[in-house]
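Now for the letters of each chain:
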Amino acid sequence: MAGEAQDDCLFCKIVAGQIPATVVRETATTVAFRDINPKAPVHVLVIPKAHYPDAASLAEGAPGLAADVLRETRAVADEEKLESYRTVFNTGAGAGQTVFHAHAHVLGGRGLQWPPG
Ligand code: AMP
Ligand code: ZN
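Residues numbered from 1 in each chain as written. Chains lettered and ligands numbered in written order. Predicted model: local features only at pLDDT ≥ 70, side-chain atom pairs only at ≥ 80, totals over all residues. Heavy atoms only, no water.

### Thoughts on the overall build of the protein
Each helix and strand in the protein was counted, giving three helices and five strands. Its C-alpha atoms give the protein a radius of gyration of 13 Å, near enough to 13 Å, the size a compact globule of 117 residues would have. For the protein, the spread of C-alpha atoms along the principal axes amounts to about 40 × 30 × 25 Å. Considering only intrachain contacts with a sequence separation of at least 6, the fraction spanning at least 24 residues in the protein is 54%. When the accessible surface of the protein is summed, it comes to about 6,700 Å², and 53% of that surface belongs to carbon and sulfur atoms. One way to put it: in the protein the 10 positive side-chain charges average out to a point 8 Å from where the 13 negative ones average out. (Helix = DSSP H or I, 4+ residues; strand = E, 2+ residues; numbered from the N terminus. Rg over C-alpha atoms; globule rule 2.2 N^0.38 Å. Contact = heavy atoms within 4.5 Å. Areas by Shrake-Rupley, 256 points an atom, 1.4 Å probe, with all protein chains shown as cover. Lys, Arg positive; Asp, Glu negative; His and termini not counted. Charge placed at Lys NZ, Arg CZ, Asp CG, Glu CD.)

Okay, here's the thing in structure tokens:
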């Protein structure tokens, strides 16, 4: 069923506490933790606790939860004292998605080029 934890999903395991993560914020519906391979001085991932494979599936299946994730990106940026930051949702392997549990990257703490590579 949509939203149910997947046995083979890394981020579902982080939500369940089966894999450790450096959690910076948690709400009833979301978790934010530091990326293990940071691409900027601040690189935090915000995920819904429920499993959806990508951002659009999340928005379609649980729009309120998608809004929770987006709201948390700002909360992370505020806590990290970022005036400017970038929120990225990679979708599909060709765009660099490697974990198929929806997640927002919050990147900041350095200059960010546009367009991204
Ligand atoms: P993406 O490539 O957009 O699917 O993003 C997945 C992100 O998860 C990558 O930036 C990885 O560095 C990060 N990542 C993978 N494993 C872990 C982990 N155990 N803890 C924190 N971040 C992770
Ligand atoms: Zn998952």
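### Considerations on the sheet that holds strand 1 (residues 23–26)
Taken in spatial order, the five strands line up as 1-2-3-5-4 in an open sheet, and their pairing is antiparallel. Two strands in the sheet have a free side with no partner beyond their single neighbour: strand 1 and strand 4 (86–88). The mean angle between the axes of side-by-side strands here comes to 20°, regardless of whether they run parallel or antiparallel. The pairing of strand 1 with strand 2 (residues 30–34) spans three bridges and is classified as antiparallel. Within strand 2, the residue paired with Glu26 across the bridge is Val31. (Pairing = 2+ DSSP bridges. Axes fitted to C-alpha atoms, helices over the stretch in contact; angles between N-to-C directions.)

### Notes on unusual backbone geometry
With an omega of 0°, the peptide bond running from Trp114 to Pro115 counts as cis. Located in the positive-phi region is Lys81, a residue other than glycine, with phi close to 60°. Topologically, Lys81 is positioned in the loop between helix 3 (63–79) and strand 4. Judged by relative accessible area, which is 72%, Lys81 ranks as exposed. (Buried < 20%, exposed > 50% of the residue type's maximum accessible area, 1.4 Å probe, protein only.)

### Some words on the UniProt feature "active site" (unreviewed entry) in the protein
As recorded in UniProt, the sites labelled "active site" (unreviewed entry) are His103. Take His103: it is sitting in the loop between strand 4 and strand 5 (104–108). Taking relative accessible area as the criterion, His103 reaches 7% and is therefore assigned buried. In contact with His103, not counting residues within four places along its chain, are Phe11, Leu45, Val46, Ile47, Val88 and Phe89. Within the structure, the side chain of His103 is placed 2.7 Å from the backbone oxygen of His101, a separation counted as a polar contact. (UniProt positions renumbered as here; feature names shortened; annotations may be inferred. Polar contact = N/O pair within 3.5 Å; in protein donor to acceptor, adjacent residues only side chain to side chain.)

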